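Listed here are the chains, written in short residue letters.
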Amino acid sequence: MFIAILRVIVRRLLAIVPVFAVVTVLVFGALRILPVDPAQMSLPPSATIEQVEAKREAMGLNRPIWTQYSMWAQAAITGDLGESAQYRTSTAAVVLDRLPATIELVICALIFAVCVGMTGGLLIFAVRGTALESVGLVVTSAVMALPDFLLALLFILLLGVLIPIFPVNGRLDPGMQVPSYTGFLLIDAVLTGDFRVIVSAFEHIALPVMALGLAFSPTIVRVLHASLINTYQQSYIQQARLRGLSDREILFGQALKNAIVPVVILVGTQFGGLFGGTLLVEMIFSFPGLGNLMVKAMQTADLSVIMAISLIYCATTLIFNSIADALAYLLNPRLRNG
Amino acid sequence: MTEHDILRIKSLEISLMTGHNILNGIDLTIRAGRIHGVIGESGAGKSMIGSAIADTLPQGLEISRGAIEFDGLTLTDMNARTRRDLLGRDIGFIPQEPMSALNPSLTIGHQVCHHLARIGLRTAKTRQERAVELFTEVGLDRPWDLLQSYPHQLSGGMLQRVLIAMAFASNPRLVIADEPTTALDVTIQKKVVELIARTRAAHNTAVLFITHDLQLAADVCDDVSVLYAGRIVETGAAERIIHAPMHPYSRCLNLATPNLSGPKAQLMILPGTMPGPVDRMQMPGCEFALRCPLAEDQCHSTRPALDGVGTEHKSACHWPERTGLITAVEAPTGTAAGRLGEKLVLRATGLGKAYRQHDWLGRVREVHALRGLDFDVREGEFVGIVGESGSGKSSLTKLIVGLEDVSTGVLELVGLDRATAPRADFFDKVQLVFQDPQSALNPRRKIGRLVTQALEGRGGAYSAATRAELVKTLLAKVMLPPEVADRFPDQLSGGQKQRVNIARALCSNPQLLIADEIVSGLDVSVQAQILELLSALRKEAAFSLLLVSHDLAVVRHVCDRTLVMCKGEIVEQGPVEEVFGNPQHPYTRDLVAAAQGPTVSSI
Ligand SMILES: Nc1ncnc2c1ncn2[C@@H]1O[C@H](COP(=O)(O)OP(=O)(O)O)[C@@H](O)[C@H]1O
Ligand code: SF4
Ligand SMILES: [Mg+2]
């Protein structure tokens with residue numbers, strides 16, 4: 001059984017390889033159409049025309065675009081994503097340096113969104129048929145209307161300025177240092193065992209996580225609520241009631257396992273959006289992650305960094321789609337052993 | 001005697017918020033170890049009785065009068081919590097649709113053991129052992145494997161056994177079975193009913209058996225109450241009510257049911273439909289008066305009380321003794337032998353169909369849905385196809401109407417080879433009548449347009465006048481008044497919709513009509529209307545009919561010949577009287593025995 005489950009997941013992941021290849025072609029093509037000269041960008045402004053020309057030749061920029069792509073692809077497979085024009089070091093190193101911060105942000109936001117969304121969905125469902133249900137749904141819609149960056153600004157105003165409970169930028173209090181064991185700041189902070197450092201690390205990530213997570217949660221509330229209502233119309237719920245099961249047992253023991261499937265699919269398919277949302281939120285909170293790096297790379301036309309980050313965005317979306325797909329499949333015994 | 005009464009319902013009344021009553025003055029008593037049947041058409045309020053006992057009435061309905069006593073406790077005075085505690089312990093339920101009654105994402109073992117835990121089995125080991133014991137008791141094979149199975153891996157019959165095992169697990173004093181066999185195959189129906197009867201005897205349980213099937217009620221029940229428009233119109237020993245009823249409605253139901261043996265009679269057709277909760281308010285007299293063949297003026301003005309007409313036999317009619325006057329019309333004997341044409345409308349030789357199936361790991365299997373079918377249908381001939389679900393009936397109809405391609409053998413239709421002749425050549429000549437009249441009709445179109453839909457897409461060859469004329473003829477053919485043409489499907493009853501469906505199929509003057517289970521979801525009285533319509537159409541012999549049905553009596557009533565299918569093969573075929581009267585193949589014998597029910601063989 002375990003092997004079979006693994007097979008399903010691996011199979012789904014393999015299926016995204018060709019899709020990903022096509023995506024690289026599209027992104028590569030789009031960036032080459034831009035009216036910027038990567039050779040010039042990667043040299044100091046003082047470089048002579050001859051030096052730029054020589055660099056163009058060395059970078060292969062005078063060759064046809066498909067040759068350029070195949071050169072890029074061959075290098076990329078070995079882990080060489082080119083050189084960042086801005087930092088003048090390996091692009092891979094620059095990107096990998098920032099990746100953990102964004103992963104932390106996104107995972108925390110996801111956990112926050114799922115907790116808030118599930119609680120909200122269950123609460124609104126619990127008061128179904130009463131006026132409270134309508135109130136809950138209206139509030140949900142209102143939150144849904146607020147995009148993540150707006151929530152971020154509101155939180156800064158509310159919890160950063162008006163009632164200053166949380167810091168509004170950076171990752172740690174000034175002067176604090178955390179040795180890098182894993183690259184993930186939250187984990188490293190916990191590993192120091194220093195209570196002040198841990199609190200500071202969590203305080204700093206709180207607002208970005210809440211902004212990003214809260215923006216995502218109304219959709220979860222809605223989907224869970226609708227899915228529960230649908231599940232409760234099934235005759236096995238009525239039958240469970242006729243066996244004398246209490247409302248709680250029916251909700252948690254019988255209904256939730258079936259009602260959760262659409263939520264899993266939603267989270268998987270919308271995870272890409274959450275990841276993309278980090279861009280603005282990181283900028284607003286000066287959070288040193290991929291989003292901020294991307295914005296800087298755009299300002300300086302650092303093409304290889306833009307390319308690398310774009311591909312990370314795409315890959316995340318694809319991978320999470322597949323994982324959600326596989327999970328939904330595994331949660332449904334009818335598909336699993338049909 | 002009274003201390004043995006398990007369930008006592010006293011003048012129970014259930015009403016809508018608007019004050020309209022759904023149930024009226026229901027009195028019903030069941031003693032320990034007895035099976036009490038509640039029969040009636042859909043909408044009569046049968047399920048409401050069960051819901052009232054379980055305290056699961058739909059929102060907007062409430063008990064407005066009366067009391068329900070269960071084993072000395074007055075349920076209607078207890079709080080919700082205490083009532084719920086009785087469910088699953090002292091009161092068990094067997095549902096109508098076993099296929100959807102268990103949670104699809106939990107194993108059978110999980111669900112059964114959870115129930116056993118609730119009724120007090122402490123350790124996981126004792127629960128599993130008890131579950132296996134229960135499974136064995138209800139005749140399920142390989143009970144240990146079953147614990148690990150998911151509901152979708154079991155057939156409807158097996159699931160119903162699991163549910164019966166669960167219902168009786170706690171030795172309840174009362175079991176409520178709401179149409180427990182309606183969703184099952186005939187051969188399984190009989191076994192399930194016998195199982196309920198046997199288990200009831202072993203546990204000395206009182207059973208409330210809700211059904212619309214008279215034959216079934218006659219087979220299993222000790223006592224029966226006939227429900228009409230929310231009132232009990234007759235109650236007494238099952239034997240008497242089924243075979244010697246003292247209320248016109250019971251009699252009419254009986255005469256509307258086709259039977260598998262005895263002389264063929266025309267089915268009784270009840271005019272109109274049962275009045276709904278709102279219409280009943282305007283009826284001061286007998287609610288059955290508008291449809292009763294014996295109704296007189298007094299019936300419309302005064303309501304008859306449910307009075308005794310014999311030992312423990314009551315009837316709510318002013319003239320119960322006249323019930324016997326209602327008789328069926330003998331069917332004209334010797335069904336016009338010469339009317340069958342010489343030509344073959346359909347001929348199958350060595351016909352086979354194989355489906356390729358992929359499982360979730362992508363492995364391919366071949367499933368032989370049909371194997372080596374040889375049969376033919378002559379012009380004007382009505383042929384039945386019987387067999388349990390999965391025997392290939394629907395696959396065969398799909399091949400004939402061209403929804404699937406033939407895998408092996410030859411299928412000749414109206415003189416053309418189905419495999420090689422262009423599809424368009426068959427459109428008008430072969431028509432299908434759909435099983436579900438509701439979903440087959442576009443709700444936004446008027447009946448007139450629906451009936452002549454087949455003419456559309458053929459250019460303007462038909463003027464509005466010819467079309468209107470055609471609508472009228474078609475509606476007349478299916479015995480609907482011409483004004484129906486201007487109505488929408490939602491404004492028609494189930495039986496009328498099914499007639500519209502038939503009219504629509506007749507529009508293009510087909511040579512072959514295929515009807516797949518067209519009466520299976522309908523009430524006895526509506527089914528009788530459709531069957532009589534088919535019988536009438538048969539006399540005109542304008543087309544041939546292939547009637548797929550799980551109900552042998554239906555096929556006997558309408559068809560000349562029948563095919564018996566089992567596991568994708570035709571195991572027997574011949575004239576209906578011969579096949580059902582003297583079945584040769586063991587499978588046919590099983591089918592016939594199941595359809596006749598246990599009592600017939602014991603008489
Ligand atoms: N939720 C509901 N609201 C209002 N009326 C209902 C509801 N459910 C059923 N009814 C009415 O109750 C009557 C009896 O229904 P039911 O007990 O299901 O009949 P049966 O089981 O005999 O087919 C019907 O006339 C139906 O219209
Ligand atoms: S009281 Fe009259 S209408 Fe009612 S069942 Fe008897 S004869 Fe028919
Ligand atoms: Mg019912």
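Residues numbered from 1 in each chain as written. Chains lettered and ligands numbered in written order. Predicted model: local features only at pLDDT ≥ 70, side-chain atom pairs only at ≥ 80, totals over all residues. Heavy atoms only, no water.

- Identification of chain B as Peptide/nickel transport system ATP-binding protein from Celeribacter baekdonensis is taken from an unreviewed UniProt entry.
- Its UniProt record, at the heading Sequence similarities (unreviewed entry), says of chain B: "Belongs to the ABC transporter superfamily."
- Turning to chain B, the UniProt record has this under Subcellular location (unreviewed entry): "Cell inner membrane". (UniProt positions renumbered as here; feature names shortened; annotations may be inferred.)

- Per an unreviewed UniProt entry, chain A goes by the name Peptide/nickel transport system permease protein and belongs to Celeribacter baekdonensis.
- Under the heading Subcellular location (unreviewed entry), UniProt records this for chain A: "Cell membrane".
- You can read under Sequence similarities (unreviewed entry) in the UniProt record for chain A the words "Belongs to the binding-protein-dependent transport system permease family."

What to know about the overall build of chain A
Part 1 of the reasoning: The number of helices and strands found in chain A is 14 helices and 0 strands.
Part 2 of the reasoning: The N-to-C order of helical and strand elements in chain A reads α-α-α-α-α-α-α-α-α-α-α-α-α-α.
Part 3 of the reasoning: Dimensions of chain A along its principal axes, counting C-alpha atoms only, are 85 × 55 × 40 Å.
Part 4 of the reasoning: When contacts within chain A are restricted to residue pairs at least 6 apart in sequence, those whose partners lie at least 24 apart make up 71%.
Part 5 of the reasoning: Of the roughly 16900 Å² of accessible surface on chain A, 70% is carried by carbon and sulfur atoms.
Part 6 of the reasoning: One finds the centroid of the 20 positive side-chain charges in chain A at a distance of 13 Å from the centroid of its 19 negative side-chain charges. (Helix = DSSP H or I, 4+ residues; strand = E, 2+ residues; numbered from the N terminus. Contact = heavy atoms within 4.5 Å. Areas by Shrake-Rupley, 256 points an atom, 1.4 Å probe, with all protein chains shown as cover. Lys, Arg positive; Asp, Glu negative; His and termini not counted. Charge placed at Lys NZ, Arg CZ, Asp CG, Glu CD.)

With respect to the UniProt feature "transmembrane region" (unreviewed entry) in chain A
Residue and element names in this part refer to chain A.
Part 1 of the reasoning: Annotation from UniProt places "transmembrane region" (unreviewed entry) at residues 12-34, 103-125, 137-166, 205-224, 259-285 and 305-331.
Part 2 of the reasoning: Each end of residues 259-285 is marked by a C-alpha atom, and these two atoms are 36 Å apart; helix forms 96% of the span and strand 0%.
Part 3 of the reasoning: For residues 305-331, helix accounts for 100% and strand for 0%, while the C-alpha atoms at its two ends are 38 Å apart.

Some details on the sheet that holds strand S19 (residues 512-516) of chain B
Each strand in a sheet pairs with another by means of backbone hydrogen bonds, the pair being arranged parallel or else antiparallel.
All names here are of chain B.
Part 1 of the reasoning: One open sheet accounts for 6 strands, arranged S18-S19-S20-S15-S21-S22; its pairing is mixed. Strand pairing shows two members of the sheet lacking a second neighbour, strand S18 (430-433) and strand S22 (569-575), which therefore form its edges. Put simply, the sheet's adjacent strands are angled 20° from each other on average, direction ignored.
Part 2 of the reasoning: Sheet strands in contact with helix H17 (residues 494-506) are S18 and S19, and its direction is about 170° off that of S18. (Pairing = 2+ DSSP bridges. Axes fitted to C-alpha atoms, helices over the stretch in contact; angles between N-to-C directions.)

Looking at helix H4 (residues 124-137) of chain B
Residue and element names in this part refer to chain B.
Part 1 of the reasoning: The end-to-end C-alpha distance of H4 is 20 Å, a good match for the 20 Å that 14 residues give at a rise of 1.5 Å each.
Part 2 of the reasoning: Here H4 has its buried residues at Arg-127, Arg-130, Ala-131, Val-132, Leu-134 and Phe-135.
Part 3 of the reasoning: At its buried positions, H4 is contacted by helix H3 (108-118), helix H5 (143-148) and helix H6 (156-168).
Part 4 of the reasoning: Looking one or two places after H4, you find Gly-139, whose phi comes out positive at around 80°. (Expected span 1.5 Å × (residues − 1). Buried < 20%, exposed > 50% of the residue type's maximum accessible area, 1.4 Å probe, protein only.)

A word on the pattern of salt bridges
Residue and element names in this part refer to chain B.
Part 1 of the reasoning: Following the criterion strictly, the structure yields 27 salt bridges over all chains and no others.
Part 2 of the reasoning: For Arg-556, the salt bridge goes to Glu-577, with nearest N and O atoms at 3.2 Å. With a gap of 21 residues between them, Arg-556 in helix H19 (residues 552-558) and Glu-577 in helix H20 (residues 576-581) connect regions that are remote in the sequence.
Part 3 of the reasoning: Look at Arg-556 and you get buried, because its relative accessible area is 4%.
Part 4 of the reasoning: Salt bridges linked by common partners bring Asp-5, Arg-8, Lys-10 and Glu-69 together as one network. (Salt bridge = Lys/Arg side-chain N within 4 Å of Asp/Glu carboxyl O.)

Description of the layout of surface pockets
Part 1 of the reasoning: Here the second largest pocket defines a volume of roughly 1200 Å³.
Part 2 of the reasoning: For the lining of the second largest pocket, the secondary-structure elements that each account for two or more residues are helix H5 (91-126), helix H9 (195-232), helix H10 (235-242) and helix H11 (247-284) of chain A together with helix H1 (46-54), helix H2 (80-86), strand S6 (91-94) and strand S7 (174-178) of chain B.
Part 3 of the reasoning: In terms of residues, the lining of the second largest pocket owes the most to one element, H1 of chain B, which gives 6 residues. (1 Å grid on protein atoms, 1.4 Å probe; cavity = no way out; pocket = protein on both sides within 12 Å on 5 of 7 lines; lining within 4 Å. Points joined across faces, edges and corners; volume = space filled by probe spheres on them.)

Thoughts on the UniProt feature "domain: ABC transporter" (unreviewed entry) in chain B
Part 1 of the reasoning: Here the UniProt-annotated "domain: ABC transporter" (unreviewed entry) positions come out as residues 7-254 and 346-592 of chain B.
Part 2 of the reasoning: Each end of residues 7-254 of chain B is marked by a C-alpha atom, and these two atoms are 28 Å apart; helix forms 40% of the span and strand 27%.

A few points about the site of ligand 1
Residue and element names in this part refer to chain B.
Part 1 of the reasoning: Taken together, Leu-16, Ile-22, Glu-41, Ser-42, Gly-43, Ala-44, Gly-45, Lys-46, Ser-47, Met-48, Pro-58 and Pro-277 form the complete shell of residues around ligand 1.
Part 2 of the reasoning: In the model, an oxygen atom of ligand 1 is placed 3.1 Å from a nitrogen or oxygen of the Met-48 main chain.
Part 3 of the reasoning: Bound to the protein, ligand 1 loses 66% of the 560 Å² it would expose on its own.
Part 4 of the reasoning: Broken down by element, the shell around ligand 1 gets its largest block of residues, 3 residues, from H1. (Near = heavy atom within 4 Å. Polar contact = N/O pair within 3.5 Å; in protein donor to acceptor, adjacent residues only side chain to side chain.)

Observations concerning the side chain of Ser-149 of chain B
Residue and element names in this part refer to chain B.
Part 1 of the reasoning: Within the secondary structure, Ser-149 sits in the loop between H5 and H6.
Part 2 of the reasoning: For Ser-149, a relative accessible area of 13% puts it in the buried group.
Part 3 of the reasoning: If sequence neighbours within four positions are ignored, Ser-149 has contacts with Thr-107, Ile-108 and Leu-154.

Brief notes about the interface of chain B and chain A
Part 1 of the reasoning: In this complex, chain B contributes 25 residues to the contact, which on the side of chain A involves 28 residues.
Part 2 of the reasoning: Counting the surface lost from both chain B and chain A, the interface buries some 2500 Å², and carbon and sulfur atoms represent 54% of this.
Part 3 of the reasoning: Between chain B and chain A we count 0 salt bridges in total.
Part 4 of the reasoning: There are 9 residue pairs in polar contact (both at pLDDT 80 or more) connecting chain B and chain A.
Part 5 of the reasoning: Looking at the side of chain B that touches chain A, the elements with two or more residues in it are S6 and H3 of chain B.
Part 6 of the reasoning: Here the side of chain B that touches chain A gets 4 residues from one element, more than from any other, and that element is H3 of chain B. (Buried area = accessible area lost by both parts, 1.4 Å probe.)

Overview of the nonpolar core
Part 1 of the reasoning: Judged by nonpolar contacts, the single largest core of 155 residues is most densely connected at Ile-53, Val-162, Leu-174, Phe-209, Ile-502 and Leu-547 of chain B.
Part 2 of the reasoning: With sequence-adjacent residues up to four places away left out, Val-162 of chain B is seen in contact with Leu-102, Ile-108, Val-112, Phe-135, Leu-140, Leu-146 and Leu-154 of chain B.
Part 3 of the reasoning: If you look at the next biggest cluster of nonpolar residues, it comprises 76 residues, including Met-118, Leu-122, Ala-215 and Tyr-236 of chain A. (Core = buried A, V, L, I, M, F, W, Y, C linked by side-chain atoms within 4.5 Å.)

What to know about the sheet that holds S6 of chain B
Residue and element names in this part refer to chain B.
Part 1 of the reasoning: With mixed pairing, 8 strands are arranged side by side in an open sheet as S6-S7-S8-S3-S9-S10-S12-S11. Two strands bound the open sheet, and with one partner strand each, they are S6 and strand S11 (307-310). Averaged over all neighbouring strand pairs, the angle between strand axes comes to 25°, with direction disregarded.
Part 2 of the reasoning: Where S7 lies against strand S8 (residues 206-211), 5 bridges are found, and the strand directions are parallel. In the strand pairing of S8, Ile-176 is matched with Leu-208.
Part 3 of the reasoning: Sheet strands in contact with H6 are S6 and S7, and its direction is about 175° off that of S6.

Considering the packing of aromatic side chains
How two aromatic rings sit relative to each other is set out by the distance from centre to centre and by the angle between their planes.
Part 1 of the reasoning: A full pass over the atoms with the stated rule returns 11 aromatic pairs over all chains.
Part 2 of the reasoning: Among the aromatic residues, those joined into a cluster by ring pairs are Phe-271, Phe-275, Tyr-313 and Phe-320 of chain A.
Part 3 of the reasoning: Above the face of the Tyr-232 of chain A ring, Arg-128 of chain A is positioned so that its terminal group lies 4.9 Å from the ring centre.
Part 4 of the reasoning: Between Arg-418 of chain B and the ring centre of Phe-426 of chain B, over which it is positioned, the NZ or CZ distance is 4.1 Å. (Phe/Tyr/Trp six-rings, centres within 6.5 Å; stacked < 30°, edge-to-face > 60°. Lys NZ or Arg CZ within 6 Å of the ring centre and 35° of its normal.)

Quick notes on the domain arrangement of chain B
All names here are of chain B.
Part 1 of the reasoning: Along its sequence, chain B is organised into domain 1 (5-90 + 170-325), domain 2 (102-169) and domain 3 (337-429 + 510-602).
Part 2 of the reasoning: A C-alpha centroid distance of 31 Å is found between domain 1 and domain 2.
Part 3 of the reasoning: Carbon and sulfur atoms make up 61% of the surface buried where domain 1 meets domain 2, a total of about 1400 Å² over both sides.
Part 4 of the reasoning: When residues of domain 1 are sorted by the area they lose upon contact with domain 2, Arg-89, Ser-170 and Leu-195 head the list and together hold 32% of the total.
Part 5 of the reasoning: Linking domain 1 with domain 2 are 0 salt bridges. (Domains from an automatic or database assignment.)

Considerations on the environment of Arg-84 of chain B
Part 1 of the reasoning: Mapped onto the fold, Arg-84 of chain B is located in helix H2.
Part 2 of the reasoning: For Arg-84 of chain B, a relative accessible area of 23% corresponds to the partly exposed category.
Part 3 of the reasoning: Residues Arg-84 of chain B and Ala-54 of chain B, spaced 30 residues apart in sequence, show a C-alpha to C-alpha distance of 7.7 Å.
Part 4 of the reasoning: Excluding anything up to four places from it in sequence, Arg-84 of chain B contacts Gly-244, Leu-245, Ser-246 and Asp-247 of chain A together with Arg-118 of chain B.

Things to note about the environment of His-20 of chain B
Residues and elements named next belong to chain B.
Part 1 of the reasoning: Here His-20 lies in the loop between strand S1 (5-16) and strand S2 (21-31).
Part 2 of the reasoning: A relative accessible area of 17% places His-20 in the buried class.
Part 3 of the reasoning: Sequence separation of His-20 and Ile-49 is 29 residues, and the distance between their C-alpha atoms is 16 Å.
Part 4 of the reasoning: Sequence-distant contacts of His-20, that is, excluding residues within four places in its chain, are made with Ile-14, Ser-15, Pro-277, Val-278 and Met-281.

Some thoughts on unusual backbone geometry
For residues other than glycine, phi is negative in most cases, and the peptide bonds are mostly trans.
Part 1 of the reasoning: In this structure, Asp-71 of chain B takes a positive phi of about 50° despite not being glycine.
Part 2 of the reasoning: Looking at the secondary structure, you find Asp-71 of chain B in the loop between strand S4 (61-70) and strand S5 (73-74).

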